[in-house]
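This is what each chain is made of:
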Amino acid sequence: MEKKMTSKEDFLYPRGRYYGHVKPENLLFNANLQEFAQKVSYICNLETGGKIPPGEAYKEIKSLWKQLKHSKKELKIDEQPFLSNGSEEG
């Protein structure tokens, strides 16, 4: 059996498959969300390992969160919710 070589980028920055409503803005936000999660994981591991202080970890995560919120706003995610049955829910 042939082994598939995994690139360093794929190993360090894995991407999950997207199963949601396929629209360009949703795909882009999903990529941003996965990047956010990966960076938060690194920051948490650095803080847990004593490589960065808790205050710095908090500041870094807070900054990443602001970037993600800005991305959501710019992409207009959830401004017109996806309605699965074609009618408004109230």
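The shown structure was predicted, so the numbers you read here are calculated from the model rather than taken from an experiment.

Novice: Sorry if this is basic, but what is going on with the overall build of the chain here?
Specialist: Each helix and strand in the chain was counted, giving three helices and zero strands. Ordered by position from N to C terminus, the α and β elements of the chain give α-α-α. Out of the 90 residues in the chain, the part that is buried amounts to 17%. For the chain, long-range pairs separated by at least 24 residues make up 53% of all intrachain contacts whose partners lie at least 6 apart in sequence.

Novice: Any chance you could explain the packing of aromatic side chains here in plain terms?
Specialist: For any two aromatic rings, the description comes down to two numbers: the centre-to-centre distance and the angle of the planes. Evaluation of the coordinates by the stated rule reveals one aromatic pair. For the ring pair Phe36 and Trp65, a centre distance of 5.8 Å and an interplane angle of 55 degrees mean the geometry is tilted. Taken together, the residues Phe36 in helix α2 (residues 24–48) and Trp65 in helix α3 (residues 54–74) connect sequence positions 29 residues apart. Residue class for Phe36 comes out buried when judged on its relative accessible area of 17%.

Novice: For this particular structure, what's the right way to read the environment of Ser41?
Specialist: Structurally, the position occupied by Ser41 is in helix α2. Between the C-alpha atom of Ser41 and that of Ile61, which follows or precedes it by 20 residues, the distance is 9.7 Å.

Novice: Just checking my understanding: could you explain the pattern of salt bridges for this structure?
Specialist: Opposite charge on two side chains permits them to pair, given that their charged atoms come into close proximity. Tallied over the full model, the rule gives two salt bridges. Of the charged contacts in the structure, one is a salt bridge between Lys23 and Glu25, with a shortest N-O distance of 3.4 Å. Classification of Lys23 as partly exposed rests on a relative accessible area of 29%. Of the charged contacts in the structure, one is a salt bridge between Glu35 and Lys39, with a shortest N-O distance of 2.9 Å. Residue Glu35 and its partner Lys39 are located together in helix α2, separated by four residues, close to a single helical turn. Residue class for Lys39 comes out partly exposed when judged on its relative accessible area of 35%.

Novice: Would you take a moment to explain the environment of Gln34 for this structure?
Specialist: For Gln34, the position within the fold is in helix α2. Spatially, the C-alpha atoms of Gln34 and Arg15 are 6.9 Å apart, while their sequence positions differ by 19 residues.

Novice: Would you mind showing me how to read unusual backbone geometry here?
Specialist: Trans is the prevailing form of peptide bonds, just as negative phi is the prevailing case for residues other than glycine. In the Ramachandran plot, Lys76 falls in the positive-phi region, its phi being about 60 degrees despite a non-glycine side chain. By the element assignment, Lys76 lies in the segment after α3.

Novice: Just checking my understanding: could you explain the nonpolar core for this structure?
Specialist: Burial of nonpolar side chains together is a common tendency in soluble globular proteins. If you look at the biggest cluster of nonpolar residues, it comprises 10 residues: Phe29, Phe36, Val40, Ile43, Ile52, Ala57, Leu64, Leu68, Leu75 and Ile77. For this core, the secondary-structure elements that each account for two or more residues are α2 and α3. Excluding anything up to four places from it in sequence, Leu75 contacts Glu25, Leu28, Phe29 and Asn32.

Parameters and conventions
Residues numbered from 1 in each chain as written. Predicted model: local features only at pLDDT ≥ 70, side-chain atom pairs only at ≥ 80, totals over all residues. Heavy atoms only, no water. Helix = DSSP H or I, 4+ residues; strand = E, 2+ residues; numbered from the N terminus. Buried < 20%, exposed > 50% of the residue type's maximum accessible area, 1.4 Å probe, protein only. Contact = heavy atoms within 4.5 Å. Phe/Tyr/Trp six-rings, centres within 6.5 Å; stacked < 30°, edge-to-face > 60°. Salt bridge = Lys/Arg side-chain N within 4 Å of Asp/Glu carboxyl O. Core = buried A, V, L, I, M, F, W, Y, C linked by side-chain atoms within 4.5 Å.

Keep in mind these numbers describe shape, not what the thing actually does.
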